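Chain by chain, the residues:
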Amino acid sequence: HLRFWSAGATLWTLCRLTPADRLYSALPLYHASGGMMGVSACVLSGATMVLRPKFSVSLFSRDLTEHRCTAVQYIGELCRYLVAAKPNPLDGSQRIKCAAGNGLRPEVWERFTRRYNVGHVVEFYAATEGNTNLFNNTGSRVGAVGVVPWFAKFVYPVRLVKFDEDKGEL
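Residues numbered from 1 in each chain as written. Predicted model: local features only at pLDDT ≥ 70, side-chain atom pairs only at ≥ 80, totals over all residues. Heavy atoms only, no water.

Could you clarify how one ought to interpret the packing of helix H4 (residues 76–84) against helix H5 (residues 106–115) in this entry?
When two helices pack together, their arrangement is given by the angle between the helix axes and the distance between those axes. The interhelical angle for the contact between H4 and H5, taken along N-to-C directions, is 65°, at an axis separation of 9 Å. One element, H4, and the other, H5, form an angle in the roughly perpendicular class. The handedness of the crossing between H4 and H5 comes out as left-handed. From H4, Cys79, Arg80, Leu82, Val83 and Ala84 reach across to H5, where they touch Val108, Arg111, Phe112 and Arg115. (Axes fitted to C-alpha atoms, helices over the stretch in contact; angles between N-to-C directions. Helix = DSSP H or I, 4+ residues; strand = E, 2+ residues; numbered from the N terminus. Parallel < 35°, antiparallel > 145°, perpendicular 65-115°, else oblique. Left-handed = near helix turned anticlockwise from the far one by under 90°. Contact = heavy atoms within 4.5 Å.)

So this is what it looks like as structure tokens:
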């Protein structure tokens, strides 16, 4: 229960979800992102969750507009499919205040946010069976690695390191 709550509290907080928001998700609910983060964030924030049972590139913009979505959950490959598709007249017609997910490739990031009018991206690295998570909520850097806040270092002893594979140096 704590893990369900904390996953949702993270998405709720980082995306600043309110009862006025509508979170769009085409992710399966048996997946931790859709079923834990998305559902829990909506329960905690009072936001509405808009579910699509199967992801559709051709219906994405129509769904966002029709359901007045203000936030989107993604897995990076979905975004890659979207930016590779032929433009739709509805692309970007809806202001998406936050897109949250993982695996958004750097070369897709800016094209996706520009095309779909996304205000803020919350990219994360996590694993259902893993023991750590990292979030990029800076809004200024493309990529999955974020910042461990100073106040969390006591309870979350994670370190970010840079490793040079050619030299074998940390």
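Following the structure, the description resumes.
Explanation requested: the packing of aromatic side chains in the structure shown.
Scanning the entire structure with this criterion turns up five aromatic pairs. Relative to Phe60, the ring of Tyr24 has its centre 5.6 Å away and its plane inclined at 85°; by these criteria the two rings are edge-to-face. With Tyr24 in strand E1 (residues 22–25) and Phe60 in helix H3 (residues 60–66), this residue pair connects regions lying 36 residues apart in the sequence. Site record: aromatic cluster; members linked through ring pairs are Tyr24, Phe55, Phe60, Tyr74, Phe112 and Tyr116. (Phe/Tyr/Trp six-rings, centres within 6.5 Å; stacked < 30°, edge-to-face > 60°.)

Please explain the pairing of strand E2 (residues 48–51) as it appears in this structure.
Where E1 and E2 come together, four bridges link them in parallel fashion. Counted as the bridge partner of Tyr24 is Val50 from E2. Crossover connection from E1 via helix H2 (residues 32–45) to parallel E2: handedness right-handed. (Pairing = 2+ DSSP bridges. Right-handed = clockwise from strand over helix to strand, strands pointing away.)

Just geometry here; none of it tells us what the structure is for.
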